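Architecture and fold: a report
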Amino acid sequence: MKFRFSRLVITLTIIVLAIVPSLAAQNSTPQPGAAKRSITEKDLFSFVWIADPQVSPDGSRVVFTRVVTDQKRTGYETSIWMVATSGTETPLRLTNGMHDMHARWSADGKYIAFVRGGEKDDSGKPRPAQIAILSLAGGEAGIITDLPKGAADPVWSPDSKRIAFLSSTTPQDIEKEQRKKNDAKAGSANTSPNAKESTAPGSSTVAKADSDGDRESDIHIITRAVYRDNDEGYLDFKRHEHIWVIDVPATSDEPAKPLQLTSGDYDEGEMVWTHDGARIYFLTSRIDEPYYETASTDIYSVASSPKMPGGTPEKVATVPMGIGDLALSPDRRRIAFHGSVTQPVRSYSQPDLWVMDLAPNAQPRNLTASYDFDMGSSVFGDNAAPRGGNGATLHWSPDGRWLFDNVAKQGRTPLVRVDAQTGAVSEITHGDQAASRNGRAA
């Protein structure tokens, strides 16, 4: 199995590198014999970036996000494309949205879930991004969520019947959205030719006043040292990213209602389904102002359905460091993740690869303590995709003997294989390149 995986990884790397010029060629016409010139800042508008490649379950195809500048040259457009791993076919565009990204295969390989943004409401305002589903059997993509604050980070269940995702929507947001819809219906009814004017309670005049009362204030009251983020602007401490689950509808006309699994005053993320689909592991830090303390991360699990026992989230362990890229072993007994030691306190501590048993009082074990390069990292620069997202870099082999990862090493990013017991690291790819491992370890 490991040899097949190695070939798949190298093939994927070559394909990603090969489809960049192929896609770029679609935007420009070659000019044989044209004189060479130095690159200029305007050439940025002709760049084509490839982001977040994902290998299909059978290893025959790759979906990825193609990123280009928009026609007005004021932003970026993202779309979902697919290409065969054989490298003999032309990449095919799958979605027609202007802001589609974060594509994820269902376990049976029949569907792709992705995040669609850029949709506009009747007034022309952008709607929050939502989860969409595309059947590879044909047809248009259909949006399956409709939450007031949007949805992100779809993760398929092992049986391909459900999708877990993140949203900061609150019950109050849903109630307010429903009131707006009711007001719109009432207003439409009262403006019909047969409607009579009325100022009684329940009329359109009163309904509009109620809607105006739902309007959020734009005044920010600062109570914490860190109150803004480069990506988000002002942070909203009333809302937090929580875990939701939705059943995948059998038909595009069949409505699906998402179920909120977690709540509270802290963000959650890094969702991983158990192999039987009964529970979902996730990461959180339940500290109000964590920047005053050394990093710490809690690992929790929650039942994926209210019909199952253990609906309240259960803490698995507290890891005394900031961790990420959670990966569950095939035997369900261990988890792997990236993390940097917090003691002694340094200006920078390189990330290592850790494993931990899923057992009471278990302690994480550093597999790469003697390996002097950054695990789970890569070289970076201004030529990286400015949009499109990234997939997980850490994967177990099916037999649980190995972990496959990226490493930032001397200006390169090789793919490596790490012995899950001894921590011995061996490089799979070589040369002056930055490879990326996103997909399945098969």
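Residues numbered from 1 in each chain as written. Predicted model: local features only at pLDDT ≥ 70, side-chain atom pairs only at ≥ 80, totals over all residues. Heavy atoms only, no water.

1. Some remarks on the sheet that holds strand E14 (residues 259-260)
Here four strands make up an open sheet; going across it, the order is E9-E10-E13-E14 and the pairing antiparallel. The sheet is open, and its two borders are formed by strand E9 (152-156) and E14, each paired with just one other strand. Examined bridge by bridge, strand E13 (residues 242-247) and E14 share two bridges and lie antiparallel to one another. Across the sheet, Trp 244 pairs through a bridge with Gln 260, a residue of E14. (Pairing = 2+ DSSP bridges. Helix = DSSP H or I, 4+ residues; strand = E, 2+ residues; numbered from the N terminus.)

2. Some thoughts on the pairing of strand E5 (residues 99-105)
Among the seven residues in E5, five count as buried, and that is most of the element. The hairpin formed by E5 and strand E6 (residues 111-117) contains five residues between the paired strands, and Gly 109 there has a positive phi angle of roughly 75°. (Buried < 20%, exposed > 50% of the residue type's maximum accessible area, 1.4 Å probe, protein only.)

3. Description of the nonpolar core
With 15 residues, the main nonpolar core has Ile 299, Val 319, Ile 323, Leu 326, Ile 335, Phe 337 and Met 356 as its most contacted residues. When contributions to this core are tallied by element, the ones reaching two or more residues are strand E16 (279-284), strand E18 (314-319), strand E19 (323-328), strand E20 (334-339) and strand E21 (352-357). In terms of residue count, the dominant contributor to this core is E19 (three residues). Among all residues touching Val 319, those that are not within four sequence positions of it are Ser 296, Thr 297, Ile 299, Phe 337, Met 356 and Pro 364. (Core = buried A, V, L, I, M, F, W, Y, C linked by side-chain atoms within 4.5 Å. Contact = heavy atoms within 4.5 Å.)

4. As for a negative patch on the surface
A cluster of acidic residues, Asp 153, Asp 229, Asp 231, Glu 232, Glu 241, Asp 267 and Glu 270, forms a negative patch at the surface. Tracing the backbone through its elements, the reader meets Glu 241 in the loop between strand E12 (233-234) and E13. (Patch = residues over 30% accessible without salt bridge, like charges linked within 9 Å, V, L, I, M, F, W, Y side chains within 5 Å. Areas by Shrake-Rupley, 256 points an atom, 1.4 Å probe, with all protein chains shown as cover. Salt bridge = Lys/Arg side-chain N within 4 Å of Asp/Glu carboxyl O. Lys, Arg positive; Asp, Glu negative; His and termini not counted. Charge placed at Lys NZ, Arg CZ, Asp CG, Glu CD.)

5. What to know about the pairing of E9
Judged from the three bridges that link them, E9 and strand E10 (residues 162-167) form a sheet pairing that is antiparallel. Across the sheet, residue Ala 152 finds its bridge partner in E10, namely Leu 166. Remark: five residues form the turn of the hairpin made by E9 and E10, two consecutive strands paired antiparallel; Ser 160 in that turn has positive phi of roughly 65°.

6. What to know about the sheet that holds E16
Strand order in the open sheet formed by four strands is E15-E16-E17-E18, with antiparallel pairing between adjacent strands. Bordering the open sheet on either side are strand E15 (268-273) and E18, each of which pairs with just one other strand. For this sheet the average axis-to-axis angle between neighbouring strands, irrespective of direction, equals 25°. (Axes fitted to C-alpha atoms, helices over the stretch in contact; angles between N-to-C directions.)

7. Here we look at the side chain of His 240
Its place among the elements puts His 240 in the loop between E12 and E13. Judged by relative accessible area, which is 10%, His 240 ranks as buried. A distance of 3.1 Å separates a polar side-chain atom of His 240 from the backbone oxygen of Asp 265. One polar contact links His 240 to Asp 267, side chain to side chain, over a distance of 3.3 Å. (Polar contact = N/O pair within 3.5 Å; in protein donor to acceptor, adjacent residues only side chain to side chain.)

8. A few points about unusual backbone geometry
For the bond running from Gln 343 to Pro 344, omega is -5°, close enough to zero to count as cis. Despite not being glycine, Asp 153 has its phi angle at roughly 55°, a positive value.

9. Points about the packing of aromatic side chains
Taken as a whole, this structure holds seven aromatic pairs when the rule is applied. Considering the side-chain rings of Trp 49 and Tyr 76, the 5.8 Å spacing of their centres and the 75° angle between planes classify their relative orientation as edge-to-face. Separated by 27 residues along the polypeptide, Trp 49 in strand E1 (residues 49-55) and Tyr 76 in strand E3 (residues 76-84) bring together distant segments of the chain. Among the residues examined, Tyr 76 registers a relative accessible area of 25% and is labelled partly exposed. With 5.8 Å between their ring centres and 20° between their planes, Phe 282 and Tyr 300 make a pair best called stacked. In this pair, Phe 282 is assigned in strand E16 and Tyr 300 in strand E17 (residues 297-303), connecting sequence segments 18 residues apart. Each residue in the set Phe 47, Trp 49 and Tyr 76 is aromatic and connected to the rest through ring pairs, giving one cluster. It is Arg 224 that lies over the ring of Phe 237; its NZ or CZ is 4.4 Å from the centre. (Phe/Tyr/Trp six-rings, centres within 6.5 Å; stacked < 30°, edge-to-face > 60°. Lys NZ or Arg CZ within 6 Å of the ring centre and 35° of its normal.)

10. Here we look at the pattern of salt bridges
On inspection of all chains with the given rule, the structure shows ten salt bridges. Salt-bridge contacts for Arg 116 lead to Asp 100; the nearest nitrogen and oxygen are separated by 2.9 Å. Of this pair, Arg 116 sits in strand E6 while Asp 100 sits in strand E5; the two residues are 16 residues apart in sequence, bridging distant segments of the chain. Arg 116 sits in the buried class, given a relative accessible area of 9%.

11. Considering the side chain of Asp 419
On the secondary structure map, Asp 419 appears in strand E26 (residues 415-419). Despite its burial, Asp 419 remains without a salt bridge, the nearest opposite charge being carried by Arg 401 at 5.7 Å. A polar side-chain atom of Asp 419 sits 3.0 Å from the main-chain amide nitrogen of Thr 422. When neighbours within four sequence positions are excluded, Asp 419 is seen to be in contact with Leu 367, Arg 401, Trp 402 and Ala 424.

12. Considerations on the environment of Gly 431
By the element assignment, Gly 431 lies in the segment after strand E27 (425-427). Considered as a pair, Gly 431 and Pro 414 are 17 residues apart in the sequence and their alpha carbons are 8.0 Å apart.

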